[in-house]
Amino acid sequence: MSLPWLRELSIHARLTLLTTVVALLVLIPLGIGADIAIRRAVNAHLWEDARQMASKVAADVREGGLEDPIRTSRGSELIQVVTPSGQILASTPSARGLPSLTRTWPRADDRFVEFSTCGLPRGKCGNGVELRTGAQPNAPVVVAVRRQPLLTATRLLDLLIAGVVALLTAVIAWVSWKVAGRALRPVEAIRSQLAHISGSDLSARVLEPPGKDEIARLARTVNDALERLERSVTQQRQFAADASHELRTPITGICAQLESAMPHPEDHAEAMRAALRDTKRLEAIMSDLLFLARIGTTDRSIREKVDLGTLVAHEVNRRSSGPVAIDSRITPGVIVNGVSTHLSRVLVNLLNNAERHAKSLITVDVHREGDDAVLAVGNDGEPIAADDRERIFERFTRIDSARGRGQGGTGLGLAIAREVIQAHHGTIRAEDTDRGALFVVRLPATSGPEPHSEPESEPDSDLPSAPGSHS
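Just so you know, these numbers come straight off a predicted model, no measurement behind them.

Scoring rules and cut-offs
Residues numbered from 1 in each chain as written. Predicted model: local features only at pLDDT ≥ 70, side-chain atom pairs only at ≥ 80, totals over all residues. Heavy atoms only, no water. Buried < 20%, exposed > 50% of the residue type's maximum accessible area, 1.4 Å probe, protein only. Helix = DSSP H or I, 4+ residues; strand = E, 2+ residues; numbered from the N terminus. Pairing = 2+ DSSP bridges. Axes fitted to C-alpha atoms, helices over the stretch in contact; angles between N-to-C directions. Contact = heavy atoms within 4.5 Å. Left-handed = near helix turned anticlockwise from the far one by under 90°. Nonpolar A, V, L, I, M, F, W, Y, C, P; charged D, E, K, R; others polar. Patch = residues over 30% accessible without salt bridge, like charges linked within 9 Å, V, L, I, M, F, W, Y side chains within 5 Å. Areas by Shrake-Rupley, 256 points an atom, 1.4 Å probe, with all protein chains shown as cover. Salt bridge = Lys/Arg side-chain N within 4 Å of Asp/Glu carboxyl O. pLDDT = per-residue confidence, 0-100. Arc of directions from axis to C-beta. Polar contact = N/O pair within 3.5 Å; in protein donor to acceptor, adjacent residues only side chain to side chain.

1. A few points about the pairing of strand β10 (residues 372–379)
- Counting buried positions over the 8 residues of β10 gives 7, a clear majority of the element.
- Here strand β9 (residues 361–369) runs beside β10; their pairing, made up of 8 bridges, is antiparallel. For V366, the partnering residue across the bridge sits in β10 and is L375.
- Connecting the antiparallel pair β9 and β10 is a turn made up of 2 residues, with G370 showing a positive phi of about 65°.

Encoded structure:
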């Protein structure tokens, strides 16, 4: 059953309402059961008391010691001794003048008969017993009746139990409201703090309550998300500033070269060559920027088994006639799960970077370490300073000032490599080595038949895609 109004309530109110309903579902049956149990206990006590009174009077009748009126310890007791003809032989003062209280005549083999009646004076009700004083047909019967107390004779017991149920329900509802409010207070604090965090300043964090409960984990998750968002926004802002600067430079150069060549026809050829060079650089930057934008949106369903060793061997063989010698050590059967063209792009960027900085030799190593597939690309050029080993993976980073925009790449090569490897749940680091520079890629290794061994097409990074200096 749909309850639209219930969805409009706050969680605080819904929890309290739910607790109250559950309390009623439990307390109402308990109240009914308590009412029935109390009434049964009172009736049983009254019948037992009446039985004892009747037994005592019946003994007096059998022994010939019956007195009229019958003396009792409580004046409210109703006792009569009645003959089969309906004559009342004796009674207590409170029963004097009343008609016979008998309802049925006990059998000889069943001397006791219990009954309830509301025919007492002033409409009172009571519980009574009838006891034959002997087995003879004309033996009189002792009738003893105990009046029911006000608690069970009226609706007072029902009202008391209903009041107790209502009071307990109200207490449970109040406690539930307080407990739910106290439990949800940190959530409201988190909501309020989040509402004051603006896009212009993402450095604020929500307060993390102590402990390891759900709310504490929520606060930590929110702070982690804010940290990632702040880092992402900071990177995007820096990237936008860097990209604007990097794109403006070749465009400005093209405009300046064409404007300067306009009045000098003899310089047209040189201006065209310079403009073409800057145009190609602009195209390389745009290609890398578009590739970076596509990395995070790649459909995971296109991933496949890729033989990393075969992929590396294919690229190394393609560069066998290059200007720098390549020493490769490739272990076959190192399988990873990923996008082959993206992994090939990483390899191309690392090799382009190594060619740019190597003096005479590039080393490529592919092997497996435990659950990791490892790709290591090194060169014998200048080593990377420890302080720069993390910064070189930032976008548009150039460390070697001697390699400017004219000689270096786009400044996005290693940034692309890191984005691709992280998208494949791996890591890439610049590590210590005896000489030169060494980049180590670690990817989760897998196993499976028929891996994709070669890239479907050449990566779209034959344009210079590695930055000028280890970037």
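2. Things to note about the sheet that holds strand β1 (residues 78–82)
- Taken together, the 5 strands give an open sheet; going across it, the order is β2-β1-β5-β4-β3, and neighbouring strands pair in antiparallel fashion. Looking along the sheet, the strands with just one partner apiece sit at the ends: β2 (88–91) and β3 (112–117). Recorded for the sheet is a direction-independent mean angle of 20° between the axes of neighbouring strands.
- Sheet analysis places β1 next to β2, joined by 3 bridges and oriented antiparallel. Considered in β2, the bridge of V81 is made with A90.

3. With respect to helix α9 (residues 413–423)
- Within α9, 8 of the 11 residues are buried, leaving the element largely enclosed by the surrounding structure.
- Where α9 is concerned, the buried positions are G413, L414, A415, I416, A417, R418, V420 and I421.
- Buried residues in α9 make contact with α6 (268–295), α8 (340–357), β11 (427–431) and β12 (437–446).
- Of the residues one or two after α9, H425 is the one with positive phi, at around 65°.

4. Thoughts on the packing of α8 against α9
- In contact at an axis separation of 9 Å, α8 and α9 are set at 145° when each is read in the N-to-C sense. The element α8 and its partner α9 pack so that their crossing is left-handed. Within the contact between the two elements, α8 uses H342, L343, R345, V346, N349 and L350 and α9 uses G413, L414, I416, A417, V420 and I421.
- The residue makeup of the contact of α8 with α9, split by class, is 8 nonpolar, 3 polar and 1 charged.

5. With respect to the environment of P250
- Topologically, P250 is positioned in helix α5 (residues 214–261).
- Since its relative accessible area comes to 4%, P250 is described here as buried.
- In this structure, the C-alpha to C-alpha distance between P250 and A275, residues 25 residues apart in sequence, is 8.5 Å.
- Once residues within four sequence positions are removed from consideration, P250 is found in contact with D278 and L282.

6. A look at a nonpolar patch on the surface
- A cluster of nonpolar side chains, namely L17, L18, V21, V22, L25, V26 and L30, defines an oily patch on the protein surface of about 620 Å² accessible area.
- Tracing the backbone through its elements, the reader meets L25 in helix α2 (residues 11–63).

7. Description of the environment of V22
- Among the structural elements, V22 can be located in helix α2.
- Using a relative accessible area of 41% as the deciding quantity, one classes V22 as partly exposed.
- When the C-alpha positions of V22 and T169 are compared, they lie 9.4 Å apart, and in sequence the two are 147 residues distant.

8. Quick notes on the confidence of the model for the chain
- Confidence in the prediction of the chain, expressed as mean pLDDT, is 81, and 87% of residues score 70 or more.
- Of all helices and strands in the chain, the one with the weakest mean pLDDT is helix α1 (residues 4–7) (68), whereas β10 scores best (93).
- Across residues 401–406, where pLDDT falls below 50, the model places 10 contacts with residues more than four positions away in sequence or in other chains.
- The low-confidence segment residues 456–469 (pLDDT under 50) makes 62 contacts with residues lying over four places distant or belonging to another chain.

9. Thoughts on helix α7 (residues 308–318)
- Along α7, the residues classified as buried are L308, G309, L311, V312, E315 and V316. Seen along its axis, α7 keeps its buried residues to an arc of 160°; they face one direction.
- Those residues of α7 hidden inside the fold are in contact with β6 (304–307), β7 (325–330), α8, β9 and β10.
- The distance from a side-chain oxygen at the start of α7 to the backbone nitrogen of G309 is 3.1 Å, and the residue carrying that oxygen is D307.

10. Things to note about the pattern of salt bridges
- One pass over the structure, following the stated rule, counts 15 salt bridges.
- For R442, the salt bridge identified is with E369, shortest N-O distance 2.9 Å. Of this pair, R442 sits in strand β12 while E369 sits in strand β9; the two residues are 73 residues apart in sequence, bridging distant segments of the chain.
- Exposure remark for R442: the relative accessible area of 26% places this residue in the partly exposed category.
- Relative accessible area serves as the criterion here: at 37%, E369 is assigned to the partly exposed category.

11. Things to note about unusual backbone geometry
- Residue H425 is not a glycine yet carries a positive backbone phi of 65°.
- For H425, the location among the structural elements is in the loop between α9 and β11.
- For H425, a relative accessible area of 54% gives the class exposed.

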